[in-house]
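# Chains, contacts and geometry: an overview
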Amino acid sequence: MIIKTITVLLLAQNSSLAKRIRTSLYYSQLRVFKVVYAKEQTKALELINSSSIDIVLLDLSVANAKSAEFVNRLRHNSPKTIIMLLCNASDGSRCTWVY
């Protein structure tokens, strides 16, 4: 059985959160995840344009006034990529986008 590697782009400012997610995916049962990491939206767009990204994990703490535009650019540049939002309910943020 051939198992495809799933490339995950993690966009998060919190490096400890990024490390925990990367470690969790690395030790997943099938070990099929390759995680690339960006702290800023511009770096994430560069990675989307230069790599084959299957899933984007977007930490809403990175969100700003241009986040909707950023997500639209992700969708335009890579329409088949799954975008998942990470939010911390204790910080008052709300997950309102689903892509």
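The structure we're discussing is the one just above.
Notes on the structure follow. Numbering of residues starts from 1 in every chain and runs along the sequence as written. Under the rules for a predicted model, residues below a pLDDT of 70 receive no local features and side-chain atom pairs below 80 are neither given nor counted, while totals for whole chains, interfaces and linings still include all residues. The side-chain quantities take in all heavy atoms of the structure and omit both hydrogens and water.

Turning our eyes to something else, we now look at the overall build of the protein chain. What counts as a helix is a DSSP run of H or I of at least four residues, what counts as a strand is a run of E of at least two, and both are numbered from the N terminus. Within the protein chain, the secondary structure is distributed over 3 helices and 4 strands. Each helix and strand of the protein chain, placed in order from N terminus to C terminus, yields the pattern β-α-β-α-β-α-β. Residues counted as buried form 36% of the 99 residues belonging to the protein chain. Two residues qualify as a contact provided that any one of their heavy atoms is within 4.5 Å of a heavy atom in the partner residue. Residue pairs at least 24 apart in sequence account for 77% of intrachain contacts in the protein chain once pairs closer than 6 positions are excluded. Summary of the burial criterion: residues with accessible area below 20% of their type's maximum are buried, those above 50% are exposed, and those between are partly exposed, where the area comes from a 1.4 Å probe applied to protein chains only.

Burial analysis of strand β3 (residues 55-59) places 5 of its 5 residues in the buried class, which makes it a mostly covered element. Burial along β3 is two-sided: the residues I55, L57 and D59 and V56 and L58 are all buried. Strands qualify as paired when DSSP identifies two bridges or more between them. With 4 bridges joining them, strand β1 (residues 6-11) and β3 adopt parallel strand pairing. Along β3, the bridge assignment pairs L11 with L58.

This part covers the sheet that holds β1. Read across the sheet, 4 strands follow the order β2-β1-β3-β4 without closing on themselves; strand pairing throughout is parallel. Edge positions in the sheet fall to β2 (33-38) and β4 (82-86), since each has one partner strand and no second. Strand after strand, the sheet turns through a mean of 20° between neighbouring axes, direction not considered. Angular values range over 0 to 180 degrees, each being the angle between N-to-C directions of two axes fitted as lines to C-alpha atoms, with helices fitted over their stretch in contact. Contacting β1, β2, β3 and β4, helix α1 (residues 15-26) crosses the sheet at an angle of about 170° to β2. Most of the contacts of helix α2 (residues 41-50) go to β1, to which it runs at about 165°, and overall it touches β1, β2 and β3.

A word on the nonpolar core. In these notes, a set of buried Ala, Val, Leu, Ile, Met, Phe, Trp, Tyr and Cys residues joined through side-chain atoms within 4.5 Å is what counts as a nonpolar core. Ranked by internal contacts, the top residues of the largest apolar core, which has 18 residues, are L9, L11, V56, L58, F70 and L74. Per-element accounting of this core gives the leading share, 4 residues, to α2. Setting aside chain neighbours within four positions, we find L11 in contact with A38, K39, E40, Q41, A44, L57, L58, D59, V62 and F70. By size, the runner-up hydrophobic cluster in this structure holds 9 residues, among which are V8, L10, V35 and I55.

Turning our eyes to something else, we now look at the pattern of salt bridges. Salt bridges are identified by distance alone: a Lys or Arg side-chain nitrogen within 4 Å of an Asp or Glu carboxyl oxygen. Applying the stated rule across the entire model yields 1 salt bridge. The residue K4 makes a salt bridge to D54 at a minimum N-O spacing of 3.2 Å. With K4 in the segment before β1 and D54 in the loop between α2 and β3, the pair connects residues that are 50 residues apart, well separated along the chain. The exposure class of K4 is exposed, given its relative accessible area of 55%.

The subject of this paragraph is the packing of α2 against helix α3 (residues 67-77). Taken N-terminus to C-terminus, the directions of α2 and α3 make an angle of 5°; their axes are 10 Å apart at the nearest point. Looking at the two axes, α2 sits roughly parallel to α3. Packed against α2, whose contacting residues are Q41, A44, L45, I48 and N49, the element α3 presents S67, F70, R73, L74 and N77 at the interface. A class-by-class count of the residues in the contact of α2 with α3 yields 5 nonpolar, 4 polar and 1 charged. Small angles under 35 degrees read as roughly parallel and large ones over 145 as roughly antiparallel, with 65 to 115 read as roughly perpendicular and the rest as oblique. Polarity classes work like this: nonpolar for Ala, Val, Leu, Ile, Met, Phe, Trp, Tyr, Cys and Pro, charged for Asp, Glu, Lys and Arg, and polar for all others, with Gly in that last group.

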